[in-house]
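Now for the letters of each chain:
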Amino acid sequence: MGMKEAVISVFNNYVNFNGRARRSEYWYFWLFSTLVSLALGVLTVIVDSSEALSRIMLGLSSLYSLAIFI
């Protein structure tokens, strides 16, 4: 199972609390989530000079963190 399939599988079973994820699904999703969070953080710092764009990036970062919290 590749990273794409693992991430799709995790999001398809997002609120299904029955069963378990395979080890590869867990680690690929963890890697994907970490990379997305880092990218959003870096983009927030890069666009810090533009206040409106910085707020948008901070909002996107917050929404992503809240979405994967469960």
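Residues numbered from 1 in each chain as written. Predicted model: local features only at pLDDT ≥ 70, side-chain atom pairs only at ≥ 80, totals over all residues. Heavy atoms only, no water.

**Concerning helix α3 (residues 51–67)**
Argument step 1. With 17 residues, α3 ought to run about 24 Å at 1.5 Å a step, and its terminal C-alpha atoms sit 24 Å apart, in line with that.
Argument step 2. Listing the buried residues of α3 in full gives Ser54, Met57, Ser61 and Tyr64. All buried residues of α3 lie within an arc of 90 degrees about the axis, which places them on one face of the element. In α3, those exposed residues whose orientation departs by more than 90 degrees from the buried face are Glu51, Ala52, Arg55, Leu63 and Leu66. (Helix = DSSP H or I, 4+ residues; strand = E, 2+ residues; numbered from the N terminus. Expected span 1.5 Å × (residues − 1). Buried < 20%, exposed > 50% of the residue type's maximum accessible area, 1.4 Å probe, protein only. Arc of directions from axis to C-beta.)

**What about the side chain of Glu25?**
Argument step 1. Assignment of secondary structure puts Glu25 in helix α2 (residues 23–46).
Argument step 2. Despite its burial, Glu25 pairs with no opposite charge, the nearest such side chain being Arg22 at 4.1 Å.
Argument step 3. Separated by 3.1 Å, the side chain of Glu25 and the backbone nitrogen of Arg22 make a polar contact.
Argument step 4. Setting aside residues no more than four positions away along its own chain, Glu25 makes contact with Met1, Ala6, Ser9 and Val10. (Lys, Arg positive; Asp, Glu negative; His and termini not counted. Salt bridge = Lys/Arg side-chain N within 4 Å of Asp/Glu carboxyl O. Polar contact = N/O pair within 3.5 Å; in protein donor to acceptor, adjacent residues only side chain to side chain. Contact = heavy atoms within 4.5 Å.)

**Digging into the packing of aromatic side chains**
Argument step 1. This model, assessed by the stated rule, comprises five aromatic pairs.
Argument step 2. Plain terms: the ring middles of Phe11 and Phe29 are 5.4 Å apart, the flat faces sit at 80 degrees to each other, and that makes the pair edge-to-face. Taken together, the residues span a long stretch of sequence, with Phe11 in helix α1 (residues 3–12) and Phe29 in helix α2 at a distance of 18 residues.
Argument step 3. Overall, Phe29 belongs to the buried group, its relative accessible area being 16%.
Argument step 4. Ring geometry for Phe29 against Phe32: centres 6.4 Å apart, planes inclined by 35 degrees, an arrangement best described as tilted. Linking Phe29 with Phe32, this pair stays in helix α2, spanning three residues, or about one helical turn.
Argument step 5. The exposure class of Phe32 is partly exposed, given its relative accessible area of 26%.
Argument step 6. Connected via pairs of aromatic rings, a cluster forms that spans Phe11, Tyr14, Phe29 and Phe32. (Phe/Tyr/Trp six-rings, centres within 6.5 Å; stacked < 30°, edge-to-face > 60°.)

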